[in-house]
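# Coordinates in review
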There are 2 protein chains.
Amino acid sequence: MPPHPLDQELPKHVDAALADYLADRRTLGARMESNFTDVVDGLADFVLGGGKRIRPTFAWWGWRAAGGDPGGDLAGPVLTAVSSLELIQACALIHDDLMDASETRRGMPTVHIRFGKKHRDEGWLGEAERFGLAAAVLIGDVALAWADDMLFAAGLPKDALQRLSLPWRDMRTEMLAGQYLDVLTQARGDSSPDAALRIDRLKTAAYTVERPLHMGAAIGDAPPELVAGLRAFGTDIGVAFQLRDDLLGVFGDPAVTGKPAGDDLREGKRTLLVALGVEYGADVLHDALGRPDLDVDTVDEIRARLVEVGAVDAVERRIAELTQSALTALARAPIAEPAGERLAELAISATKRTY
Amino acid sequence: MPPHPLDQELPKHVDAALADYLADRRTLGARMESNFTDVVDGLADFVLGGGKRIRPTFAWWGWRAAGGDPGGDLAGPVLTAVSSLELIQACALIHDDLMDASETRRGMPTVHIRFGKKHRDEGWLGEAERFGLAAAVLIGDVALAWADDMLFAAGLPKDALQRLSLPWRDMRTEMLAGQYLDVLTQARGDSSPDAALRIDRLKTAAYTVERPLHMGAAIGDAPPELVAGLRAFGTDIGVAFQLRDDLLGVFGDPAVTGKPAGDDLREGKRTLLVALGVEYGADVLHDALGRPDLDVDTVDEIRARLVEVGAVDAVERRIAELTQSALTALARAPIAEPAGERLAELAISATKRTY
C-alpha cells in the first residue's frame, strides 16, 4: 500500500492548517478592532515563516500508533488539533527571544526587534524598545490563547478532548517550567550536569516529544501499555535529540545548522556537554562561555579540549544508550504499523552523528 | 428567602476556589521541578493578594440570570469556572505592568520588580532587570494557560463547555486586542475620543462585563434573547464603569481610590475625559500629560479646566445615558430573579458619583 499523503507530507498539511486557522482569526479579529491585524500578521509571519513541525509530527504518529486512520473522518480534526502545538511553540519562541534579547531567529529579525523597528520607522512616541517588548508579549499571549482555541475547535469528539486534557495541561506547564529553570540556572551560574539534564527533560523530552506522543495516543484512545511505551520512548529519545543538538551547537557545520560555528558557546548555553566539560577539567570554558566576541581559534581550542577530556565521548555514549532504550521501549509497545517503523526512523535520523 | 451564601459572599468563595486550585497546581508543579514553586508562589501571591473579583461576579450573575441554582449540584463547578477568569486577569495585569514598567500595584511591588529584587538579593549572575522581565513573562503565561486548565477541569457538563467556548475565545482575544490598541494609541499619540472609546469597549466593556455575563449565560443555557439582553447591558454598563473610573483617576479622593490624586494624568492615560478635554481646548493638558513629576497645583488647574471646558459634564452625561440604556436592556431581558435586581445594583453602585 502506498503511504498516505498525510503521513508522507505532514509538515505541508500542518502549514496549511495553520494558515487557514490564522486567516479565519484575522477576519474575526479585524471585525473586532482593525488595528489588531498588526498582531495577527506578526504572529502569522512568525508561525508560517518556518519550523520543522516536530511536535505535530510526534502527536500525529502517536495517534497513528493507536490505530488512527489517515483516510478516516477523524484525520482532518486530528491534523488541526496537532497543528495547534505550533502555536504553543510560537509563544515559547517569541517570549524566549524577548527574554534572551535575541535579535534574529531563522535569519530574520525577532518579533520584538521587528515591532521596535516599526515604531522607529513610523516615528511614534515613546521608546521603540518598549513598544517592541509590548508587541512581543502580546503576540506570544495571543499564540498561547489561540492554541487552545484551535484545539478546542478542531472538531474532535468530546471524549477525545477529555482524554487529552491532562497531557495538554501538563505539556504547557512543563514547557513553562523548563523555561523558568533555564533562566534560573543561567542566573545561578549552575553548570552542573544535573541542572542541564533537568532542563532537557522538561523542555525537549517532555514538551517536544513525550507529551505530543501522549496527546496523539490519548486522541486515539490508546490502551495504557501503549501510552506508557510511547511516553518511555519519547522521554529517552527527547533527551537524546537535545544532546545531539548540543553537540551540533559546538561541532556542527554552519552550512547544515544555519548558525555560526560555536554559537552555543557564545550564547553561554549550559548544556550537558559543557557541564561535563567543566566537570572533567576543560578550564578554557570558564572564561570563554557566554562571550559574544569568542574567536574561531578559541572555539577550536574548546572543541579540542571537549574531546580530550572525554566530554564528547560521554555525551555520545549517553545518546547511544538513550536511543537504544527508546527503541527497546518502542519495540515492546503494541503499536499499529507503520507508526512503529516511522517513529524508529525519526529517532535514528535525529540522533545520528552528522559532523 | 434569605440570600444564598454564594450570592452573598461570592468574592470570598472565589478566593477560596483560587487558593485551592493554586495549591493543587503547586503540588503537581513541585513534583515536575522543585524550583517551579517560585513561579507558582509568585502567581499565587499576586492572585490572592487582592482584587475585587468583578469578572467572576458578572459571570456568576449571568449564570444566575439564566436560572442557575446556587444550592444545586452545578453551583460548585460554576464557581470554579467563573473563578478561572481571575487567572486571565492576572496574566493581563502582570504583563501590563511589565509593558508599562510599573513599579507598584495595590501598593506592592509588581512581579517583574519583585523578581528583579530577588535576583539582586541573591547576588545572581546577569542583569536583575532581565531576570525580572523573564519571570513576569513566564508567570503571566502560566496564568493564561492555567485559566484554561481551571475552566476545563471545573466539572461543568460537556455541553456547557461547548456552549461557552465561543465567549471564552472571544473574551481572551478582546482583552489582548484591547491591550494592543492601548499600547498603539499611546505610541501614536492618538488622543481622539474615538480611540479612547474603542479601548474602553474592548478592555472594559467586552472583557470585563459583557463576556463574563455571556459566559455565565452560556453555562446556564440561556435563550438567545436573554444572552442578547445581558450582552447589551454589559456593553453599556462596562463603558460607563470605565468612564467613572477615568473621572476617579483625576478627581477621586486618594483615600478612596488608593492612588495619589491625579495619578492617571501622570501616567498619561488617554481616557475619554482627557480626549474631550483636549478637544474642547483644555490646553494645559498638552504639556502636563504623562509627566511623572506633575505637581498638585497643576493637577488642580487641570481639574478646573476639565470642568470649565465641559469635558466633565460630557463624560457625566455619557455615563448617565449608558447606565440608563443598560438598565433598560436589563429590564427587558427575561432574567431569573434575584439576578436582575443584583445586576441593577451593581450597575448603579459602580457608576454613581463618588467625589
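All residue numbers here refer to positions counted from 1 along the written sequence of the relevant chain. Here every chain gets a letter starting at A, and every ligand a number starting at 1, in the order they are written. Only residues with pLDDT of at least 70 are given local features in this predicted model, and only at 80 or more are side-chain atom pairs given and counted; all residues enter the totals for whole chains, interfaces and linings. Where side-chain values are given, they derive from all heavy atoms of the structure, hydrogens and water being excluded.

Further remarks concern the overall build of chain A. Each helix is a run of H or I in the DSSP string that is no shorter than four residues. Each strand is a run of E no shorter than two, and both are numbered from the N terminus. Counting its regular elements, chain A contains 18 helices and two strands. Taking 355 residues into account, the globule formula puts the C-alpha radius of gyration at 20 Å, and chain A, at 21 Å, falls close to it. With 355 residues in all, chain A has 58% of them scored as buried. In this description, contact between two residues means that some pair of their heavy atoms is separated by no more than 4.5 Å. Taking all contacts inside chain A whose residues are at least 6 apart in sequence as the whole, residues at least 24 apart take part in 73%. Of the roughly 14,000 Å² of accessible surface on chain A, a fraction of 51% belongs to carbon and sulfur atoms. Taking the 39 positively charged and 55 negatively charged side chains of chain A as two groups, their mean positions are separated by 2 Å. We compute the radius of gyration over the C-alpha atoms and compare it with the globule rule, which gives 2.2 Å times the number of residues raised to the power 0.38. When accessible area is computed with a 1.4 Å probe and restricted to protein chains, residues below 20% of their type maximum are described as buried, those above 50% as exposed, and intermediate ones as partly exposed. To measure how exposed things are, a 1.4 Å probe is used in the Shrake-Rupley method; for residues, cover is taken only from the protein chains shown. Here the positive residues are Lys and Arg and the negative ones are Asp and Glu; neither His nor the chain ends is included. Charge positions come from single atoms, namely NZ of Lys, CZ of Arg, CG of Asp or CD of Glu.

We place a 1 Å grid over just the protein atoms. Points where a 1.4 Å probe fits but has no way out form a cavity, open points with protein on both sides within 12 Å along at least 5 of 7 lines form a pocket, and any residue with an atom within 4 Å of a point lines it. Grid points are joined across faces, edges and corners, and a volume is the space filled by probe spheres set on the points. Counted according to the given criterion, the structure contains three cavities of 30 Å³ or more. What the largest cavity holds in volume is close to 80 Å³. Surrounding the largest cavity, Phe152(A), Lys158(A), Leu161(A), Gln162(A), Phe152(B), Lys158(B), Leu161(B) and Gln162(B) form its lining. For the lining of the largest cavity, the secondary structure elements donating two or more residues are α9 (158-188) of chain A together with α9 (158-188) of chain B. Here the nonpolar group is Ala, Val, Leu, Ile, Met, Phe, Trp, Tyr, Cys and Pro; Asp, Glu, Lys and Arg are the charged ones; every other residue, Gly included, is treated as polar. Of the residues that constitute the lining of the largest cavity, the class distribution is four nonpolar, two polar and two charged.

In this section: helix α17 (residues 311-332) of chain B. Residues and elements named next belong to chain B. Helix span, as expected, comes to 1.5 Å for every residue beyond the first. Under the 1.5 Å per step criterion, the end-to-end length of α17 is 32 Å for 22 residues, consistent within 8% with the ideal 32 Å. All buried positions along α17 are accounted for by Ala-311, Val-312, Ala-314, Val-315, Glu-316, Ile-319, Leu-322, Thr-323, Ala-326, Ala-329 and Leu-330. Contacts made by the buried residues of α17 are with α11 (224-251), α14 (272-279), α16 (296-308) and α18 (339-351).

A few words now on the pattern of salt bridges. A pairing counts as a salt bridge when a side-chain nitrogen of Lys or Arg comes within 4 Å of a carboxyl oxygen of Asp or Glu. Inspection of the entire model under this criterion finds 58 salt bridges over all chains. In this structure, Arg211(A) and Glu174(A) form a salt bridge, with 2.9 Å as the shortest nitrogen-oxygen distance. In this pair, Arg211(A) sits in helix α10 (residues 193-219) while Glu174(A) sits in helix α9, placing the two residues 37 residues apart along the sequence. Here Arg211(A) falls in the buried class, since its relative accessible area comes to 7%. The exposure class assigned to Glu174(A) is buried, which follows from its relative accessible area of 6%. Here Arg266(B) ties to Asp263(B) by a salt bridge, and the two come within 3.5 Å at their closest N and O atoms. Taken together, the positions of Arg266(B) and Asp263(B), both in helix α13 (residues 263-267) and three residues apart, correspond to about one turn of that helix. Since its relative accessible area comes to 17%, Asp263(B) is described here as buried.

It is worth spelling out the interface of chain A and chain B at this point. Facing 56 residues of chain A, the contacting portion of chain B comprises 56 residues. For the chain A and chain B pair, buried surface summed over both sides reaches about 5,300 Å², with 70% attributable to carbon and sulfur atoms. Taken together, the links from chain A to chain B amount to six salt bridges. Linking Asp148(B) and Arg172(A) is a salt bridge whose minimum nitrogen-to-oxygen distance equals 3.9 Å. The term polar contact refers here to a pair of N or O atoms within 3.5 Å; inside protein, the definition further demands a hydrogen-donor-capable atom paired with an acceptor-capable atom, and it admits residues adjacent in sequence only when both atoms are side-chain atoms. Across the chain A-chain B interface, the total number found is 22 residue pairs in polar contact (both at pLDDT 80 or more). Put simply, the parts of the chain that give the side of chain A that touches chain B at least two residues each are α2 (10-32), α3 (37-48), α6 (85-100), α7 (111-122), α8 (128-152), α9 and α10 of chain A. Ranked by residues supplied to the side of chain A that touches chain B, first place goes to α9(A) with 20 residues. In terms of residue class, the side of chain A that touches chain B is made up of 30 nonpolar, 10 polar and 16 charged. The term buried area means the drop in 1.4 Å probe accessible area that two parts suffer when joined, counted for both and summed.

If you rotate chain A by 180° and push it 0.0 Å along the axis, it lands on chain B with an RMSD of 0.1 Å. The relationship between the two copies is best expressed as a two-fold rotation axis. In this assembly the copies share their binding face: 100% of the residues contributing to the interface of chain A also contribute to that of chain B. Copy-to-copy superposition: least squares on the C-alpha atoms, limited to residues that have pLDDT of at least 70 in both copies.

This brings us to the packing of helix α10 (residues 193-219) of chain B against α11(B). Residue and element names in this part refer to chain B. Throughout, an axis means a line fitted to C-alpha atoms (over the contacting stretch in the case of helices), and angles, computed between N-to-C directions, take values from 0 to 180 degrees. Axis separation between α10 and α11 bottoms out at 7 Å; the angle between their running directions is 140°. In terms of axis orientation, α10 runs oblique to α11. α10 and α11 meet at a crossing whose hand is right-handed. Here the contact of α10 with α11 is built from residues that sort into 12 nonpolar, six polar and six charged. Put simply, angles under 35 degrees are roughly parallel, angles over 145 are roughly antiparallel, angles from 65 to 115 are roughly perpendicular, and the rest are oblique. Rotating anticlockwise by less than a right angle from the far helix to the near helix defines a left-handed crossing, while the corresponding clockwise rotation defines a right-handed one.

The next subject is the nonpolar core. Core analysis: the largest hydrophobic core is formed by 188 residues, its most contacted members being Leu43(A), Trp146(A), Leu156(A), Leu43(B), Trp146(B) and Leu156(B). Discounting residues that sit within four places of it in the chain, Trp146(A) has contacts with Tyr21(A), Leu22(A), Arg25(A), Phe36(A), Val40(A), Leu43(A), Leu87(A) and Thr173(B). To form a nonpolar core, buried Ala, Val, Leu, Ile, Met, Phe, Trp, Tyr and Cys residues must be joined to one another through side-chain atoms within 4.5 Å. Among the nonpolar cores identified, the runner-up in size contains 31 residues, and Leu247(A), Leu276(A), Ile302(A) and Leu322(A) belong to it.

Right, let's get into the environment of Ser349(A). All names here are of chain A. Mapped onto the secondary structure, Ser-349 falls in helix α18 (residues 339-351). Owing to a relative accessible area of 42%, Ser-349 belongs among the partly exposed residues under this scheme. For the pair Ser-349 and Ser-192, spaced 157 residues apart in the sequence, the C-alpha separation amounts to 28 Å. At 3.4 Å, the side chain of Ser-349 forms a polar contact with the backbone oxygen of Leu-346.

The bulk of non-glycine residues show a negative phi, and the bulk of peptide bonds are trans. A cis amide bond links Glu337(A) to the next residue, Pro338(A), at an omega of 10°. Within the secondary structure layout, Pro338(A) lies in the loop between α17 (311-332) and α18.

Here the focus is the environment of Thr328(B). Residue and element names in this part refer to chain B. Assignment of secondary structure puts Thr-328 in helix α17. Residue Thr-328 is classed as partly exposed on the basis of its relative accessible area, which comes to 29%. For Thr-328 and Thr-57, which are 271 residues apart along the polypeptide, the C-alpha to C-alpha distance reads 21 Å. Reaching out from Thr-328, the side chain makes a polar contact with the backbone oxygen of Gln-324 at a distance of 2.8 Å.

Let's shift gears to the packing of aromatic side chains. Aromatic rings from Phe, Tyr and Trp, taking only the six-membered ring of Trp, are treated as a pair when their centres fall within 6.5 Å; an angle between ring planes under 30 degrees marks them as stacked, one over 60 as edge-to-face, and anything in between as tilted. Going through the model one piece at a time under the given rule, you end up with 11 aromatic pairs over all chains. Measuring from centroid to centroid gives 5.3 Å for Trp124(A) and Phe131(A), while their planes differ by 70°, and the two rings are edge-to-face. Here Trp124(A) and Phe131(A) have matching classes, each one buried. Taking 6.5 Å as the distance between ring centres and 80° as the angle between the ring planes, the aromatic pair formed by Phe152(A) and Phe152(B) counts as edge-to-face. Of this pair, Phe152(A) sits in helix α8 while Phe152(B) sits in helix α8 (residues 128-152), each in a different chain. Here Phe152(A) falls in the partly exposed class, since its relative accessible area comes to 21%.

Once that is clear, we can look at the domain arrangement of chain A. A common way to report how large an interface is uses the accessible area buried once the components associate. All names here are of chain A. Partitioning chain A into structural domains gives domain 1 (1-50 + 85-153) and domain 2 (165-355). Computed over C-alpha atoms, the centres of domain 1 and domain 2 are 25 Å apart. Listed per partner, the contact involves 11 residues of domain 1 and nine residues of domain 2. Taken together, the two surfaces of domain 1 and domain 2 that pack against each other cover about 970 Å², and 69% of this comes from carbon and sulfur. Per-residue buried area on domain 1 facing domain 2 is highest for Leu-85, Ile-88 and Leu-151; these three make up 46% of the total on that side. Applying the counting criterion to the domain 1 and domain 2 interface returns one salt bridge. Linking domain 1 to domain 2 there are four residue pairs in polar contact (both at pLDDT 80 or more). Broken down by secondary-structure element, the contributors of at least two residues to the side of domain 1 that touches domain 2 are α6 and α8. The element that contributes the greatest number of residues to the side of domain 1 that touches domain 2 is α6, accounting for six residues. A domain assignment, automatic or from a database, supplies the domain bounds used here.

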